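# Summary of the model geometry
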Amino acid sequence: PLPDPSRFRAPEAPQPAPDAVARAAALLSGAASPVIMIGRSQRTMESWRARVALAEKLGARVVSDLKVGASFPTRHPLFVGPAGTFLSEAATRAVREADVVLALDWVDLAGTLKQVYTDRPVTAKIVSASCDVHVHRGFSMDYFGMAPVDVQLLVDPDVAVPQLLEACRARSYTPSTAPADEPVRGTGDVLTLRSVAASLNEATAGVDVCLTGLPLGWPGNGRHFAHPLDYIGGNGGGGVGAGPGITVGAALALKGSGRVVIGLVGDGDYLMGLTALWTATHYGLPCLLIVCNNRSFYNDEAHQERVARMRGRPVENKWIGQRINEPDIDLALLAVAQGAKGIGPVTDPAKLSGVIAQGVQLAREGEVCVIDARVRPGYDADISGERAARQEPVGRT
C-alpha cells in the first residue's frame, strides 16, 4: 500500500528572530545607499512583487546574476545591470559604494564580495537572509567561503522579505530614470551569441517564453525578464550535460501553461544529454532547444590557452582534446533520431530569426524541436564585428 502522503509534507518555513528583523530593518532604513543582492528565490508573483516593493520602499539599487532564475524586473529603474555570471562593472560599483547590503540567498556571497572589495576589507554592513551557513562544516570542504555578516536572518529570503517590507521605514530618495534601452543587435555576417539573442528576441516578440538555460558568454543585456518564469537559472555546479534534461523537465512542469519552453545550450551540453529528447517526444512534452554550437568545449580551450601562456607552451595547441569537429557532428539529425524535429546547421545570422520562429511554432503545435546554430568559436559577445573579422580561423590551421 502507498504511504499516507500527509505524513511526508514539507515542514513549515522557519521564521526569523524578531530582534534580528528589527536590527536589519534599522540598518536598511537608515542607510544612505542600500543595495539588494538577489540570489535564489521562489518563482511566485507574490514573492516577485514583495521584492519590488521592498526595493522601492528603500530606494535600494538591485543586482542579480544569471546563475539564478529571474528575480526582479530587469527594466526597473532600480535594477543595475546587465546580469551575467559575474557582477558587471556597474553592479560592482553599486555594491562597492553601498553602506548597507541586503543579500537574499546570494550564491557565493563571500566570493562576490571579494570581487567587489579587491583592495580593502568589506566596509558595508551586510544583512543576509540565507541558510547557506548550514553547509559550512569541515567534512567535505565543498562549500563556498564564509562571508562577513552583521545581521544573519537564518531563513528563506522569501520569508524574510515581507517582514522586512513591514518593518522598514520608507527612505527619502530621488528616483532615477532608467537609461534608454538599446535593443541587442547582431554583428554583421558573423553568427555570434549576440546574433542569437537578437534573433530570439525578434522571433519571440509577444510570446510567453520560459528560458531554461543560457550558454557561457551570453550577453547580459541580451534578454530582459519581467516574470519569475521568464528564466529559471543556470544548471549549477558546472553541470555540463544537464541542459536537455532541465529543458524537458521544465516542459513537463509547464505543459498546458501557454509558455514556450526554450533551452539555449552549448554543443557539449547537448551531446552529453540529448537522449532526454526521447523522453520529451515519448511523453509529448513540447519544447525548443537552440544549440549554440561552437564545435568546441571552448571554456576549456580558453583555459588551456591561459595555461600555455603561463608555462611558455605553444598556444596553437589549445584545441587538442577540446574541439568537436573534423568531422562536424550533425546535431539536427541526432534530434531526429530521438523522434524530434531537427533544423540546421544555421550559419547565416539573417536567417536565424525565421528559423527560431519556425521552432517556436513547432513547439506551440506540440512538437519537440532542435536548432543547430553554428556560432563562431571564441567570439566575444561584447566585441565589435570589425575585431571579430580579425580573429583566428575556426579550423586547426
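These lines cover the structure that appears in this document, whether it is placed above or below. (Residues numbered from 1 in each chain as written. Predicted model: local features only at pLDDT ≥ 70, side-chain atom pairs only at ≥ 80, totals over all residues. Heavy atoms only, no water.)

On to the sheet that holds strand β1 (residues 34–38), then. Within the open sheet, the five strands sit side by side as β2-β1-β3-β4-β5. Their pairing is parallel. Of all strands in the sheet, those bounded by a partner on one side alone are β2 (61–63) and β5 (151–153). Going from strand to strand, the sheet's axes swing by 15° on average, the running direction of each strand aside. Looking at chain direction, strand β3 (residues 100–104) and strand β4 (residues 125–129) are connected through five bridges and run parallel. By the bridge assignment for β4, Val100 is matched with Lys125. In this fold helix α2 (residues 45–58) packs onto β1, β2 and β3, with an angle of close to 165° to the strand it touches most, β1. Sheet strands in contact with helix α3 (residues 89–97) are β1, β2 and β3, and its direction is about 130° off that of β2. (Pairing = 2+ DSSP bridges. Helix = DSSP H or I, 4+ residues; strand = E, 2+ residues; numbered from the N terminus. Axes fitted to C-alpha atoms, helices over the stretch in contact; angles between N-to-C directions. Contact = heavy atoms within 4.5 Å.)

Our next topic: unusual backbone geometry. Most of the time, phi is negative for any residue but glycine, and the peptide bond is trans. For the peptide bond that leads from Gly81 to Pro82, omega is -5°, which places it in the cis range. When you line up the elements, Pro82 lands in the loop between β2 and α3. Note the cis peptide between Gly344 and Pro345, where omega equals 10°. Positive phi values are uncommon outside glycine, yet Asp105 reaches one of about 50°.

Further remarks concern the pattern of salt bridges. Applying the stated criterion across every chain, the model contains 14 salt bridges. We note a salt bridge from Arg51 to Asp158, for which the minimum N-O separation is 2.7 Å. One end of the pair, Arg51, is in helix α2; the other, Asp158, is in helix α5 (residues 157–167), with 107 residues separating them in the sequence. Grouping residues by exposure puts Arg51 and Asp158 together as buried. A single network of salt bridges, built from pairs that share partners, joins Arg40, Asp105 and Asp132. (Salt bridge = Lys/Arg side-chain N within 4 Å of Asp/Glu carboxyl O. Buried < 20%, exposed > 50% of the residue type's maximum accessible area, 1.4 Å probe, protein only.)

Turning our eyes to something else, we now look at the sheet that holds strand β8 (residues 287–292). Read across the sheet, five strands follow the order β6-β7-β8-β10-β9 without closing on themselves; strand pairing throughout is parallel. Of all the strands in the sheet, just β6 (209–211) and β9 (341–346) have a single pairing partner and so form its edges. Here the strands of the sheet are splayed against their neighbours by 20° on average, with no regard to which way each runs. Each of β8 and β10 (368–373) touches helix α9 (residues 276–283); the most contacted strand, β10, lies at about 145° to it.

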